[in-house]
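# Inside the fold
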Amino acid sequence: MFSGLREKVGQVLVPGDEFCLEIPETLSLSEPMKPEKVLLGPGLKRKGDRKLLVVKSGVLRHKQPHVFWVENQQRRYVPARGETVIGIITVKSGDVFKVDVGGSEQASLSYLAFEGATKRNRPNVQVGDLVFAQFSVANQHMEPELVCVDSAGRANGMGVFGAGGLLFSVSLGLIRRLLRPRSDVLSDLQKLLPCELVVGMNGRLWARASSVQQTLVVSNLLQSCDTMSPPQRQQLFRRAAQGAL
Amino acid sequence: MSDSKLSKNLLRMKFMQRGLDAETKKQLEEDERRIISDEHWYLDLPELRARENLILEERSLVSCEDLKYGRFSFQGFNPEVELMVMMNPKEEEEDKQEEEVSCMQLDVTDEEMALRYESLVGSMRKKFSRKRDQTSEDVDIKRVFLKPQD
């Protein structure tokens, strides 16, 4: 049904490209017809009933059985539901915190959305704290909302953090490369030195190592390997392993 | 008798319908059912399924690329984070294999545990058995009456 899309997997697409989903020509009367579904990830939008429109420029990727998306590079983050981000608390007003996530507007975080928080037992959150939270509401019509607790009520690593580390920002492409299932960058960093890393999908990274110099080394490495090819990056990591430490 | 003089309710009564054809009876029944069912709200599933769009949109990359969770700790820097990462269930087969390998590198392997448990069960049982049971366990001779030797 979507053979036109399948042909283009791995090729570069430009905004404005259209795809038409074909209806199968031969309908079998004996078997019940099961229409195949298509799941469009970021970069592809539905236009009308059976047409697709490409809205971002990049390479078309495919995952079995029927997921398609466009992989592109950008620095600007657009909030999406279910993504975990690093936010900075800016305003503490009554029951709600305002959090800066790098999007077009600030997200709201309720004080009850922390693990073990009740009306009497408020979480210890101050203005300027770093929080690792996930979006519960994020669309173009409403103000984004964050929660620091998952659907079962457990924190699961989310919440306030950040004593003694460094926050810096990178492009979204590097974030994706770090969070992939078998990430080369992450395995290189693992061999280098003991450190702690928090990756926010809004392009923000927080790193902490045992001394200030090591923390700076880690942050510089990550920021510079953004635009490097894999051999260059491995050479850089080797130099850092020999030299700085 | 003409139809206009009789009311609809009267015409709907059973004794008035005995004389009608089967077809007109069915039509009247359908009309009644339609009046009742118009007031009830229901989901027309086959129609909805036919109209359901085949194209679904998803805004987030997390499910597309199977991205991992965002907290990492390397070489034991933050034990809480490492514990949390281990507690979360891993779905990929490769991760399962890696877990098996890492299990082998722990202090005690499975074989050693099995050997230890074999001896452990016996010793624990002895600890909680009483004196009577102890003697009866050790001595396994069939008791026969012995004549007193004069």
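In what follows, the accompanying structure is described. No experiment lies behind these values; they were computed from the predicted model shown.

A few words on the overall build of chain B. Scanning chain B from N- to C-terminus turns up nine helices and two strands. Starting at the N terminus, the α and β elements of chain B follow one another as α-α-α-α-β-α-β-α-α-α-α. Out of the 150 residues belonging to chain B, those deemed buried represent 13%. As displayed, chain B has an accessible area near 14,500 Å², and 54% of this comes from carbon and sulfur atoms.

Looking now at the layout of surface pockets. It is a probe the size of a water molecule, rolled over the atoms, that shows where empty space is left. One number sums up the size of the second largest pocket: a volume of about 640 Å³. What lines the second largest pocket is a set of 32 residues, and nearest its centre among them are A:K56, A:V78, A:P79, A:A80 and B:R59. The set of elements that each furnish at least two residues to the lining of the second largest pocket consists of strand 4 (44-47) and helix 2 (172-179) of chain A. It is helix 2 of chain A that contributes the most residues to the lining of the second largest pocket, three residues altogether. Considered class by class, the residues forming the lining of the second largest pocket number 15 nonpolar, eight polar and nine charged.

A few words on the sheet that holds strand 2 (residues 18-20) of chain A. Residue and element names in this part refer to chain A. The sheet built from three strands is open, its strands ordered 2-5-4 with antiparallel pairing. Lying at the two open borders of the sheet, with one neighbouring strand each, are strand 2 and strand 4. On average, each strand axis in the sheet is tilted by 30° relative to the strand beside it, whichever way the strands run.

Next up on the list: a nonpolar patch on the surface. A grouping of B:L83, B:M86 and B:M87 is seen on the molecular surface, where their side chains present a nonpolar patch of about 390 Å² in accessible area. Examined against the element boundaries, B:M86 turns out to sit in helix 6 (residues 79-87).

This part takes up the sheet that holds strand 2 (residues 71-74) of chain B. The strand order 14(A)-16(A)-15(A)-2(B) describes an open sheet built from four strands, whose pairing is antiparallel. Sheet topology places strand 14 (166-169) of chain A together with strand 2 of chain B at the edges, where each strand pairs with a single neighbour. Within the sheet, the average angular offset between the axes of one strand and its neighbour, ignoring direction, is 20°. Both strand 15 (residues 195-199) of chain A and strand 2 of chain B contribute to a ladder of four bridges, which runs antiparallel. Bridge pairing links A:E196 to B:S73 in strand 2 of chain B.

So, about the pairing of strand 9 (residues 96-100) of chain A. Residue and element names in this part refer to chain A. Of the two faces of strand 9, the one lined by F97 and V99 is fully buried and the one lined by V96, K98 and D100 carries no buried residue. Across five bridges, the pairing between strand 8 (residues 84-93) and strand 9 is antiparallel. Paired with V91 across the strands is K98, a residue of strand 9. Taken together, strand 8 and the strand that follows it, strand 9, pair antiparallel across an intervening segment of two residues, in which G94 is found at a positive phi of about 65°. Across four bridges, strand 9 lies against strand 10 (residues 107-110) in antiparallel orientation. Directly across from F97, in strand 10, lies its bridge partner L109.

All names here are of chain A. The turn joining strand 9 and strand 10, which pair antiparallel and follow one another in sequence, is formed by six residues; a positive phi near 85° is taken by G102. As paired elements, strand 10 and strand 12 (residues 145-147) share two bridges and run parallel to each other. Paired with S108 across the strands is E145, a residue of strand 12.

This next bit is on the packing of aromatic side chains. Enumeration according to the criterion identifies five aromatic pairs over all chains in this entry. An angle of 80° between the planes, with centres 5.7 Å apart, marks the rings of A:F132 and B:Y69 as edge-to-face. You can see A:F132 sitting in strand 11 (residues 130-137) and its partner B:Y69 sitting in the loop between helix 5 (62-65) and strand 2, one on each of two chains. Look at A:F161 and A:W206: their rings are 5.1 Å apart centre to centre, the planes differ by 80°, and that puts the pair in the edge-to-face class.

Glancing now at the pattern of salt bridges. Should the charged atoms of two oppositely charged side chains come close, the side chains can pair. A full pass over the atoms with the stated rule returns 14 salt bridges over all chains. A salt bridge links A:R204 to A:D100, with the shortest nitrogen-to-oxygen separation between them at 3.2 Å. Pair noted here: A:R204 is in strand 16 (residues 204-209) and A:D100 is in strand 9, with a separation of 104 residues, a long-range link. What you see here is one network of salt bridges that share partners, running through A:R61, A:E71, A:R176, A:R180 and B:E65.

Moving on, we come to the interface of chain B and chain A. With 31 residues of chain B at the contact, the number on the chain A side is 54 residues. Roughly 4,000 Å² of surface becomes buried between chain B and chain A when both sides are summed, with 56% attributable to carbon and sulfur atoms. Of all residues in chain B, B:L54, B:I55 and B:F74 give up the largest surface area on contact with chain A, accounting jointly for 20% of the area buried on that side. In this assembly, chain B and chain A are joined by four salt bridges. A salt bridge links B:R71 to A:E196, with the nearest nitrogen and oxygen atoms 3.3 Å apart. Taken together, the connections running from chain B to chain A amount to 18 residue pairs in polar contact (both at pLDDT 80 or more). Secondary structure elements with two or more residues in the side of chain B that touches chain A: strand 1 (55-57), helix 5, strand 2 and helix 6 of chain B. Its residues placed into classes, the side of chain B that touches chain A shows 13 nonpolar, eight polar and ten charged.

Criteria and thresholds
- Residues numbered from 1 in each chain as written.
- Chains lettered and ligands numbered in written order.
- Predicted model: local features only at pLDDT ≥ 70, side-chain atom pairs only at ≥ 80, totals over all residues.
- Heavy atoms only, no water.
- Helix = DSSP H or I, 4+ residues; strand = E, 2+ residues; numbered from the N terminus.
- Buried < 20%, exposed > 50% of the residue type's maximum accessible area, 1.4 Å probe, protein only.
- Areas by Shrake-Rupley, 256 points an atom, 1.4 Å probe, with all protein chains shown as cover.
- 1 Å grid on protein atoms, 1.4 Å probe; cavity = no way out; pocket = protein on both sides within 12 Å on 5 of 7 lines; lining within 4 Å.
- Points joined across faces, edges and corners; volume = space filled by probe spheres on them.
- Nonpolar A, V, L, I, M, F, W, Y, C, P; charged D, E, K, R; others polar.
- Pairing = 2+ DSSP bridges.
- Axes fitted to C-alpha atoms, helices over the stretch in contact; angles between N-to-C directions.
- Patch = residues over 30% accessible without salt bridge, like charges linked within 9 Å, V, L, I, M, F, W, Y side chains within 5 Å.
- Salt bridge = Lys/Arg side-chain N within 4 Å of Asp/Glu carboxyl O.
- Phe/Tyr/Trp six-rings, centres within 6.5 Å; stacked < 30°, edge-to-face > 60°.
- Contact = heavy atoms within 4.5 Å.
- Buried area = accessible area lost by both parts, 1.4 Å probe.
- Polar contact = N/O pair within 3.5 Å; in protein donor to acceptor, adjacent residues only side chain to side chain.

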